[in-house]
Amino acid sequence: MKQTLPLIVIIFITAIGFCQSKVSGEVFDAGNEPVAYANVIFKGSTEGTTTNENGLFYLQSESTWDTLVVSFLGYKTLMVPLKNKVNYEMRLILEEETESLGQVTIVSGKQPKKNNPAIDILRKIWERKRKNGVRQFNQYQYDKYEKVEFDLNTIDSSIINSKLFKGMEFVFNQVDTSRVTGKTYLPVFINEAVSKVYGNNELNKEKEDVLGNKNSGFSNNQIIIDFVDELYSDYDVYDNYLKFFDKSFVSPLSRTGINTYNYVLSDSAFIDNKWCYNIIYYPRRKNELTFKGDFWVNDSTFAIKEINMQASKSANINWVKEIYIEQEFEVLNDSLFLLKRDYFMSDFAFSKKEKARGIYGKRTTLYNNYQFDLKKDSNFYDEEVYNYDIDVYNRDDEFWQNNRLESLNKDEQGIYQMLDTLQTVKKFKRLYNIGATLASGYAEIHAWNFDYGPIFSTFGYNEVEGLRLRTGGRTYFTSNDLWRVEGFVAYGFRDNKFKYGISGKWLIDKKNRIIISGGNRRDVEQIGASLTMSSDVLGRDLASSTVFNTGVNDKLTSINISTFSAEIEPVKNFVIRFSGNYRTLESASETFSLDYYDEDSPTGISSKVKQYENVLTLGFYPKRKMSGFGVERYEANYDYARIFTQLSVGSRAWFNSNFNYTKLQFLYIQPFQVGGFGRLTSSLEVGKTFGEVPLGLLSVIPGNQSYFSIYKTFSQLDFYEFVTDTYASLHLEHNFNGRLFSRIPLLRKMNLREIISLRGAWGDISEENKALNASGLIYIAPTEKIYYEYGFGVGNIFKVFRIDFNFRGNYREVPGARKFGVTGAFGFHF
């Protein structure tokens with residue numbers, strides 16, 4: 001949820017809308033118990049919905065209907081006359097059916113798996129399960145129109161009259177009502193995009209050319225659009241699991257669906273001259289990642305014609321109160337169907353209470369003009385590293401009139417004009433800037449084209465510096481700046497010393513993203529907290545300034561590093577970086593030493609390391625999505641693999657350096673979505689140093705003496721407990737996302753999430769490097785036995801907190817070894 005805050009601050013604009021039939025209410029049985037998942041439909045139409053777990057429903061239509069039909073197997077069908085166009089808060093009572101329904105009489109919510117005609121149809125869907133129509137051809141192409149909109153919902157007098165909107169009351173002239181939830185809403189943002197999509201199934205490649213992009217008044221909207229595109233990533237309803245908000249929902253068409261859902265054959269009718277069956281489905285258990293809804297399936301091809309999916313309100317997902325999906329397909333023949341329309345709506349809110357206010361995020365995607373087997377050169381499908389075209393964002397009205405596959409309604413037409421007006425209001429600008437500061441961590445000073453921050457790094461603490469105050473900032477003209485300069489100054493009140501850093505970077509070639517950068521930093525740092533160094537000269541590990549620790553954090557180093565680098569991205573997501581850096585290292589603490597034996601020193605011992613390195617880094621990030629086109633970009637997703645290889649060569653021939661050595665390192669991070677059983681994150685890291693080097697240049701197995709859960713560190717290791725020149729480490733962490741706790745009655749309603757982890761490291765240290773050591777620290781490496789830790793955790797406590805219980809698996813006899821520990825972490829996660 002890194003970029004969710006920009007959504008919350010864009011919350012001001014008005015619009016008009018009107019529908020002909022609107023109904024809402026509750027459905028009960030004769031015993032005054034809510035009837036969950038009852039079918040509610042306008043008589044004579046295919047427009048309907050189902051009640052939620054509490055028997056509540058809302059339904060609206062662009063047409064006028066005079067009768068509402070409410071039905072559920074085991075109950076008599078109820079016909080409700082609609083006297084008005086708008087009928088809210090209806091209370092409807094269903095009577096139990098006393099006549100036989102054939103072989104089985106159904107009088108409760110649980111539906112049978114045997115002798116159920118709905119499941120018989122579902123099995124035929126599985127038998128004829130086919131790939132999406134475009135996958136049946138060697139090549140394909142089609143037109144795509146996408147519309148993304150955000151709305152502030154649950155508009156009432158309290159928000160209209162609040163001080164927050166004083167001076168901006170004009171935005172509330174008119175509001176509309178959601179056709180899905182029945183809540184009032186205020187459209188605040190809209191973005192449209194027209195694209196041409198090309199694909200080649202033989203090469204397994206797809207390319208999308210954006211022909212036009214338009215948004216409502218905000219020129220800096222790319223982060224928001226990329227954020228929404230990632231949340232609402234493409235999906236196939238025929239898959240067993242559908243991923244939304246980093247969670248795997250069981251598809252209602254899944255082969256495991258009969259163990260997860262109840263299915264009811266509800267109706268049949270002609271849709272586009274094809275006879276279709278209507279099947280209602282709803283979850284068998286609460287608190288699982290499931291949907292309720294219905295789908296229409298063709299009676300001969302058993303291809304889905306329409307499907308509606310609404311996430312269960314009890315689903316274990318944070319900050320999202322509603323998820324509603326509609327898909328329509330064009331069934332051409334027995335073997336070919338094509339997606340025609342995809343609608344996705346979610347309600348972002350802090351609470352799942354019915355009256356809680358939130359923000360609707362809506363994406364509508366339409367597909368048209370499918371063409372197949374039009375051959376193109378293989379290099380045509382290669383993704384460009386840089387593909388920003390300013391003309392795409394400045395198309396005229398005629399372009400949009402000719403290329404929209406769906407006309408804007410009155411709400412949407414008004415957003416463009418009203419947001420332009422709203423941005424002239426000073427109060428709105430202030431609110432927008434506050435939201436932008438909280439989201440980015442930087443406070444913008446527009447007059448100077450400068451950002452102050454990061455504001456969350458202002459305070460720090462460690463045993464050497466004591467209280468540490470930091471101030472700094474960066475140049476900032478736009479989010480797509482071609483160059484950027486950043487710097488800071490810090491002061492420690494215990495060591496009474498100033499620290500500083502400055503860096504600059506310049507994008508000199510957009511097409512291949514050639515970037516040159518350089519900088520210098522003098523600081524105090526814990527260099528034993530990670531195996532691979534950050535490529536950012538100003539980067540500083542969290543362990544360097546952690547306020548609360550399990551032990552004394554005094555093994556700190558004074559570092560002075562200067563660096564110059566050049567990088568290129570010749571192929572998308574493949575980055576080559578060459579850098580040269582010169583650094584001096586010496587202990588920052590009287591209780592810690594980096595001393596080594598030195599024949600050239602008058603005393604035979606040196607305390608300072610002076611070293612120049614040439615570093616070649618190769619990074620490959622398949623399926624990574626980046627937002628922006630400037631020298632600094634932002635990750636739009638994080639569920640991608642990271643493959644990182646680094647070769648570092650130190651030479652005494654450069655700048656009077658102390659040592660000759662070669663260090664080779666490899667890091668592989670891979671997340672896995674394990675069906676409906678959560679997410680596994682794995683990382684493998686190996687490295688070896690060839691040559692004789694002192695403590696400051698060796699590889700320290702990263703300990704963690706803080707009370708924070710930090711991935712890729714060992715929670716029960718102290719800093720410098722294991723020192724190596726050859727190492728391998730493996731980290732496995734699996735988050736079940738509440739899959740197990742949802743089956744335990746006492747824990748079900750708490751929406752907790754269970755996490756297990758396993759960490760291991762092996763290493764060795766040469767006799768030559770041991771002989772060089774004069775620091776007084778005894779080198780220990782986990783050579784004979786692989787060191788390991790394991791743990792289990794509980795996440796989603798109050799939606800933001802996680803607690804981990806960590807156990808040391810071996811090397812427990814080491815003096816001062818921490819056999820057990822508790823760590824925690826805060827974070828906003830779906």
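Calculation notes
Residues numbered from 1 in each chain as written. Predicted model: local features only at pLDDT ≥ 70, side-chain atom pairs only at ≥ 80, totals over all residues. Heavy atoms only, no water. Buried < 20%, exposed > 50% of the residue type's maximum accessible area, 1.4 Å probe, protein only. Helix = DSSP H or I, 4+ residues; strand = E, 2+ residues; numbered from the N terminus. Arc of directions from axis to C-beta. Contact = heavy atoms within 4.5 Å. Polar contact = N/O pair within 3.5 Å; in protein donor to acceptor, adjacent residues only side chain to side chain. Pairing = 2+ DSSP bridges. Axes fitted to C-alpha atoms, helices over the stretch in contact; angles between N-to-C directions. Phe/Tyr/Trp six-rings, centres within 6.5 Å; stacked < 30°, edge-to-face > 60°. Lys NZ or Arg CZ within 6 Å of the ring centre and 35° of its normal. 1 Å grid on protein atoms, 1.4 Å probe; cavity = no way out; pocket = protein on both sides within 12 Å on 5 of 7 lines; lining within 4 Å. Points joined across faces, edges and corners; volume = space filled by probe spheres on them. Nonpolar A, V, L, I, M, F, W, Y, C, P; charged D, E, K, R; others polar. pLDDT = per-residue confidence, 0-100. Core = buried A, V, L, I, M, F, W, Y, C linked by side-chain atoms within 4.5 Å. Patch = residues over 30% accessible without salt bridge, like charges linked within 9 Å, V, L, I, M, F, W, Y side chains within 5 Å. Areas by Shrake-Rupley, 256 points an atom, 1.4 Å probe, with all protein chains shown as cover. Salt bridge = Lys/Arg side-chain N within 4 Å of Asp/Glu carboxyl O.

Draft legend 1. Just helix H2 (residues 117-127), in detail. Those residues of H2 that sit buried are Ala 118, Ile 119, Ile 121, Leu 122, Ile 125 and Trp 126. Projected onto a plane normal to the axis of H2, the buried residues spread over an arc of 155° and lie on a single side. Buried residues belonging to H2 abut strand S14 (261-271), strand S15 (274-283), strand S16 (291-298) and strand S17 (304-311). Put simply, Asn 116 is the residue that caps the front of H2, since its side-chain oxygen is 2.9 Å from the backbone nitrogen of Ala 118.

Draft legend 2. The sheet that holds strand S4 (residues 56-61), seen in detail. On the basis of which strands lie adjacent, the open sheet formed by 3 strands has the order S4-S1-S7 and mixed pairing. Both outer strands of the open sheet, S4 and strand S7 (86-94), are each paired with one neighbouring strand and no more. Direction aside, neighbouring strands of the sheet carry axes that sit 25° apart on average. Bridge count for strand S1 (residues 21-29) against S4 is 6 bridges, and the pairing is antiparallel. Across the sheet, Ser 24 pairs through a bridge with Tyr 58, a residue of S4.

Draft legend 3. The environment of Ala 193, seen in detail. As for its position among the elements, Ala 193 is in strand S10 (residues 184-200). Separated by 207 residues in sequence, Ala 193 and Trp 400 place their C-alpha atoms 9.4 Å apart. If sequence neighbours within four positions are ignored, Ala 193 has contacts with Lys 144, Tyr 145, Glu 146, Gly 212, Asn 213 and Trp 400.

Draft legend 4. Representation of the environment of Asp 299 in the model. Mapped onto the secondary structure, Asp 299 falls in the loop between S16 and S17. Judged by relative accessible area, which is 30%, Asp 299 ranks as partly exposed. Distance from Asp 299 to Ser 268, taken between C-alpha atoms, is 9.2 Å for residues 31 residues apart in sequence. Excluding its chain neighbours within four sequence positions, the residues that come into contact with Asp 299 are Trp 275, Cys 276 and Tyr 277.

Draft legend 5. Fine view of the packing of aromatic side chains. Summed over the entire model, instances satisfying the criterion amount to 39 aromatic pairs. Plain terms: the ring middles of Tyr 324 and Tyr 343 are 6.4 Å apart, the flat faces sit at 65° to each other, and that makes the pair edge-to-face. Taken together, the residues Tyr 324 in strand S18 (residues 320-333) and Tyr 343 in strand S19 (residues 336-349) connect sequence positions 19 residues apart. Of the two residues examined, Tyr 324 and Tyr 343, each falls in the buried class. Linked through ring pairs, Phe 137, Tyr 140, Tyr 142, Tyr 367, Tyr 370 and Phe 372 together constitute an aromatic cluster. Over the ring of Phe 28 we find Arg 91; its NZ or CZ atom is 4.0 Å from the centre of that ring. Here the basic side chain of Arg 642 rests over the ring of Tyr 640, its NZ or CZ set 4.2 Å away from the ring centre.

Draft legend 6. Highlighting the side chain of Ser 579. Of note, Ser 579 is situated in strand S29 (residues 574-587). For Ser 579, the residues in contact, after removing those within four places along its chain, are Thr 563, Phe 564, Ser 565, Glu 613, Asn 614 and Val 615.

Draft legend 7. Local environment of the pairing of strand S25 (residues 483-492). The element S25 is largely enclosed, with a buried count of 7 among its 10 residues. When strand S24 (residues 466-475) meets S25, the two strands line up antiparallel, connected through 7 bridges. Paired with Arg 468 across the strands is Gly 492, a residue of S25. Both S25 and strand S26 (residues 497-509) contribute to a ladder of 10 bridges, which runs antiparallel. Residue Trp 483 lies in a different strand from S26, and its bridge partner there is Trp 506. Between S25 and the antiparallel strand that follows it, S26, lie 4 residues; Asn 496 among them carries a positive phi value of about 55°.

Draft legend 8. Fine view of empty space enclosed by the protein. Across all of its chains, the model carries 5 cavities of 30 Å³ or more by this definition. Around the largest cavity, the lining is made up of 14 residues, and of these Ser 248, Leu 289, Gly 676, Asn 737 and Arg 739 lie nearest the centre. A breakdown of the residues in the lining of the largest cavity according to their chemical character gives 4 nonpolar, 8 polar and 2 charged. Looking at the second largest cavity, its volume works out to about 70 Å³. Lining the second largest cavity, in full, are Gly 48, Thr 49, Thr 50, Lys 292, Gly 293, Asp 294, Asn 308, Met 309, Gln 310 and Tyr 324. Listed by contribution, the elements that provide at least two residues to the lining of the second largest cavity are strand S3 (48-50), S16 and S17. Here the residues of the lining of the second largest cavity sort into 2 nonpolar, 6 polar and 2 charged.

Draft legend 9. Inspection of the confidence of the model for the protein chain at higher detail. With 86% of its residues at a pLDDT of at least 70, the protein chain reaches an overall mean of 82. Every residue in residues 1-19 is under pLDDT 50, and counting partners more than four places away or in other chains gives 75 contacts.

Draft legend 10. Quick peek at the nonpolar core. Counting residues in hydrophobic clusters, the biggest one holds 51 residues, and the most contacted among them are Ile 125, Phe 291 and Phe 295. The next biggest cluster of nonpolar side chains, apart from the first, holds 28 residues, and it includes Val 609, Phe 659, Tyr 720 and Leu 777.

Draft legend 11. Region of interest: a nonpolar patch on the surface. On the surface, a cluster of nonpolar side chains totalling about 650 Å² of accessible area is made up of Phe 477, Leu 482, Trp 483, Val 485, Ile 502, Trp 506 and Ile 508. Contributing elements (two or more residues each) for the nonpolar patch: S25 and S26. Top element by residues in the nonpolar patch is S26. It accounts for 3 residues. Mapped onto the fold, Ile 502 is located in strand S26.

Draft legend 12. Fine view of unusual backbone geometry. Following Gly 453, the chain continues into Pro 454 via a peptide bond in cis, with omega recorded as -5°. Not every positive phi belongs to a glycine, and Lys 623 is a case in point at roughly 70°. The class of Lys 623 is exposed, set by a relative accessible area of 70%. Backbone geometry at Asn 656 places phi at a positive 55°, although glycine is not the residue there.

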